[in-house]
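This is what each chain is made of:
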Amino acid sequence: MEQITTDICIIGAGPVGLFAVFEAGLLKMRCHLIDVLPQVGGQLSEIYPHKPIYDIPGYPDITAQQLIDNLMLQIAPFNPTFSLGERVETLNRREDGSYDIKTDDGTSVHCQVVVIAGGLGCFEPRKPEIDRLADFEGKGVAYMVKNPEHFRGKKVVLAGGGDSALDWAVFLSNVAERVTLVHRGDTFRGAPDSAGKVFDLAKEGKIDLILKSNVVALTGDDSLQEITLLDRNNQVSHIEADHLIPLFGLSPKLGPIAEWGLNIDRSAIAVNTVDYSTNIERIYAIGDINTYPGKLKLILCGFHEAALMAQSAFKYVFPEQKLSFKYTTVYGVSAF
Ligand SMILES: Cc1cc2nc3c(=O)[nH]c(=O)nc-3n(C[C@H](O)[C@H](O)[C@H](O)COP(=O)(O)OP(=O)(O)OC[C@H]3O[C@@H](n4cnc5c(N)ncnc54)[C@H](O)[C@@H]3O)c2cc1C
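Residues numbered from 1 in each chain as written. Predicted model: local features only at pLDDT ≥ 70, side-chain atom pairs only at ≥ 80, totals over all residues. Heavy atoms only, no water.

- Under the annotation held in an unreviewed UniProt entry, the chain carries the name Ferredoxin--NADP reductase and is attributed to Mucilaginibacter celer.
- According to UniProt, the comment filed for the chain under the heading Subunit (unreviewed entry) is "Homodimer."
- UniProt's Catalytic activity (unreviewed entry) comment on the chain is quoted here verbatim: "2 reduced [2Fe-2S]-[ferredoxin] + NADP(+) + H(+) = 2 oxidized [2Fe-2S]-[ferredoxin] + NADPH". (UniProt positions renumbered as here; feature names shortened; annotations may be inferred.)

**Some thoughts on the environment of I257**
Now for step 1: With respect to the helices and strands, I257 occurs in the loop between β17 (243-246) and β18 (264-265).
Now for step 2: Distance from I257 to V88, taken between C-alpha atoms, is 7.9 Å for residues 169 residues apart in sequence.
Now for step 3: Apart from residues no more than four positions distant in its own chain, I257 is found in contact with I11, I116, L262 and I269. (Helix = DSSP H or I, 4+ residues; strand = E, 2+ residues; numbered from the N terminus. Contact = heavy atoms within 4.5 Å.)

**Some thoughts on helix α1 (residues 15-26)**
Now for step 1: Its twelve residues give α1 an end-to-end C-alpha distance of 17 Å, which sits within 8% of 16 Å, the value for a rise of 1.5 Å per residue.
Now for step 2: A large share of α1 lies buried, amounting to eleven of its twelve residues.
Now for step 3: Those residues of α1 not exposed but buried are P15, V16, G17, L18, F19, A20, V21, F22, E23, A24 and G25.
Now for step 4: Contacts made by the buried residues of α1 are with β2 (8-11), β3 (31-35), α2 (42-46), α3 (64-75), β6 (81-84) and α6 (299-317).
Now for step 5: Looking one or two residues past α1, K28 carries a phi angle of roughly 70°, positive in sign. (Expected span 1.5 Å × (residues − 1). Buried < 20%, exposed > 50% of the residue type's maximum accessible area, 1.4 Å probe, protein only.)

**A few points about the sheet that holds β18**
Now for step 1: Within the open sheet, the three strands sit side by side as β18-β19-β21. Their pairing is mixed. Edge strands, defined here as strands with exactly one partner in the open sheet, are β18 and β21 (290-291). (Pairing = 2+ DSSP bridges.)

**Here we look at the pairing of strand β16 (residues 236-240)**
Side chains on a regular strand alternate between the two faces of the sheet.
Now for step 1: Two strands pair when backbone bridges link them, and strand β15 (residues 224-231) and β16 are joined in this way by five bridges, in the antiparallel orientation. By the bridge assignment for β16, L230 is matched with V236.
Now for step 2: Hairpin geometry of β15 and β16 is characterised by an intervening segment of four residues between the two adjacent antiparallel strands and by a positive phi of about 65° at N234.

**Digging into the sheet that holds β17**
Now for step 1: Strand order in the open sheet made by the four strands is β13-β12-β11-β17, with parallel pairing throughout. Each edge of the open sheet is held by one strand with a lone partner, namely β13 (208-210) and β17. Taking the axes of each pair of neighbouring strands and ignoring which way they run, one obtains an average angle of 20° across the sheet.
Now for step 2: Pairing analysis gives three bridges linking strand β12 (residues 178-182) to β13, with the strands arranged parallel. (Axes fitted to C-alpha atoms, helices over the stretch in contact; angles between N-to-C directions.)

Now the structure itself:
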């Protein structure tokens, strides 16, 4: 069993958790990060690593994975430590106010401050009811596109009507041999611009668009070969497919964090916007996992929350010291 002592324990190594290391590091606070996923990067590395992001200040566009790689470079001087592939389970407060956090793998972290940067919670894709879906998981069925190259030259069927289904249909139309998008409705929930692109590509013959239909069954031997569809008039049809990617979103599960006595509002942690503290002393919540009036689930908002959190957490880590605000342009970044 690993025993770690640090100043701040950050739950979640998504972009916001990673940037929190930087803001804490500027104030000489050390961080340990825990993430249930085997890699850092949160939603960016897990769901859309190759997609460009256009609203990170200073970057006209940057792919999600490049942003995570840059964040890792930016925090390297502060030598953060990581427990990856481990889920945070319990939190215990010591008499002096500090906390012990334990993971499902038995890792124990003693820290002065807890920062919950858990995003949507532990990732669990919503799985539609399709006959033999589970039989083909990892043999043609995937719930996320980790590497688009995996689909090069393949017959890919996407199912869903949200942003992910639309965006990946557009992206994969240049990669796969054939892309079919199946949606139960005839209008899309996703961004109108993305839906427009899909309709245009369908007109050009680059995407097969099948509306008002559901995927109902899968067939194949060792791997997926054919998909059965049922339309609103109960007509059955079949399409050949190497891959099915059902994209019906992730079900946000706070998991054990929900049992810690935090104020939870619709699966998110209510915070004070002065410093993103929760109702429990020394516990902060930043990024997608928190909620407050006007909250926007954007990376840049999480970065701002991380900066204010660090300024506030300082008093718990260095109770004897006075905090003075400093610019990096003046004082630089001192590694430790
Ligand atoms: C398809 C798509 C496109 C997007 N495009 C944009 C965009 O263009 N611009 C933008 O600003 N935002 C965009 N977003 C939103 C953006 O990805 C999120 O705002 C961002 O990921 C939030 O970062 P985070 O660090 O708070 O959480 P996450 O990225 O969700 O990371 C949280 C991490 O916490 C971990 N975790 C949770 N609970 C536990 C636990 N109990 N134990 C251990 N680990 C745990 C999770 O495994 C996860 O890795 C997009 C999102 C999606 C899905």
